[in-house]
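A closer look at the structure
Residues per chain are reported as follows:
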Amino acid sequence: MKKLRGFTLIELMIAIGIVAILVRLAAPSFTQLIQSNAMTNTVNSFLSDLRFARSEAIRRGGGVVMCRSDAPEATTPTCVSGSGSTTGWESGWIIFHDLDGDGTKDSNEQVLRAQGPITAVNTIAASSTTNKFQFTATGQLKLSSMTTLQFGSNPPFANEAQRIVCVSVGGRGRISGDGTTSCS
């Protein structure tokens, strides 16, 4: 007689049941991991572009602007002016060399970098109506006070998953903490 190798139907159903239980236990942690990675990537992209704009302003002797744009990937992107837009920084931004120093993107001014719309985070909201960061030749901003940006809102991001980014008048950005912290 030959001995047959394999699983019985009962053994297979027990193994599938155990796998289903383990998947059900791991799914919430996996969702939190995905949200955490999305938040980290978005914050790092913003801070990286902020540092790029600051270093370009120092290198070029001033006149670099990082501004919020409703259509950053358009052929001729423009900055959002005033509070007419219904979205925040999650709509994207552009960095350009502001030759005339007026803070407005003109047709002859070169776009140095563009960030398309952010889909991984639902909101990026500034504490004030800050739509742009204008850098001087020393890397400082033409702002009178620190700007706070909140990445993510509840739902779907719990307070612990949100991030607060502080941009000082000196032009440097830093992560203050989760959604319950402040920049002061």
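Quick summary incoming for the structure in this document. Predicted, not measured: the structure shown is a model, and the values here were computed from it.

Moving on, we come to the packing of aromatic side chains. Using the criterion set out here, one finds six aromatic pairs in the structure. Taking 5.7 Å as the distance between ring centres and 85 degrees as the angle between the ring planes, the aromatic pair formed by F46 and W89 counts as edge-to-face. Taken together, the residues span a long stretch of sequence, with F46 in helix α1 (residues 9-60) and W89 in the loop between β1 (64-68) and β2 (93-97) at a distance of 43 residues. When its relative accessible area of 1% is taken as the criterion, W89 is described as buried. A ring pair is formed by F46 and F151, whose centres lie 5.6 Å apart and whose planes are at 70 degrees; its orientation type is edge-to-face. You can see F46 sitting in helix α1 and its partner F151 sitting in strand β6 (residues 147-151), a full 105 residues away along the chain. Positioned over the ring face of F52 is R113, at 3.8 Å from the centre of the ring.

Note on sheets: strands pair through backbone hydrogen bonds, and any given pair is parallel or antiparallel. Read across the open sheet, the four strands follow the order β3-β2-β1-β5; overall the sheet is antiparallel. The open sheet is flanked by β3 (111-115) and β5 (132-135), the only strands paired with a single partner. Each adjacent strand pair in this sheet contributes to an overall mean axis angle of 10 degrees, direction not counted. Two elements, β2 and β3, share four bridges in a ladder whose sense is antiparallel.

This part takes up the pattern of salt bridges. Taken as a whole, this structure holds three salt bridges when the rule is applied. Here R113 makes a salt bridge to D49, at a shortest N to O gap of 2.9 Å. In this pair, R113 sits in strand β3 while D49 sits in helix α1, placing the two residues 64 residues apart along the sequence. The class of D49 is buried, set by a relative accessible area of 6%. Taken together, the shared-partner salt bridges in this structure form one network comprising E56, R59 and R60.

The rules behind each value
- Residues numbered from 1 in each chain as written.
- Predicted model: local features only at pLDDT ≥ 70, side-chain atom pairs only at ≥ 80, totals over all residues.
- Heavy atoms only, no water.
- Phe/Tyr/Trp six-rings, centres within 6.5 Å; stacked < 30°, edge-to-face > 60°.
- Helix = DSSP H or I, 4+ residues; strand = E, 2+ residues; numbered from the N terminus.
- Buried < 20%, exposed > 50% of the residue type's maximum accessible area, 1.4 Å probe, protein only.
- Lys NZ or Arg CZ within 6 Å of the ring centre and 35° of its normal.
- Pairing = 2+ DSSP bridges.
- Axes fitted to C-alpha atoms, helices over the stretch in contact; angles between N-to-C directions.
- Salt bridge = Lys/Arg side-chain N within 4 Å of Asp/Glu carboxyl O.

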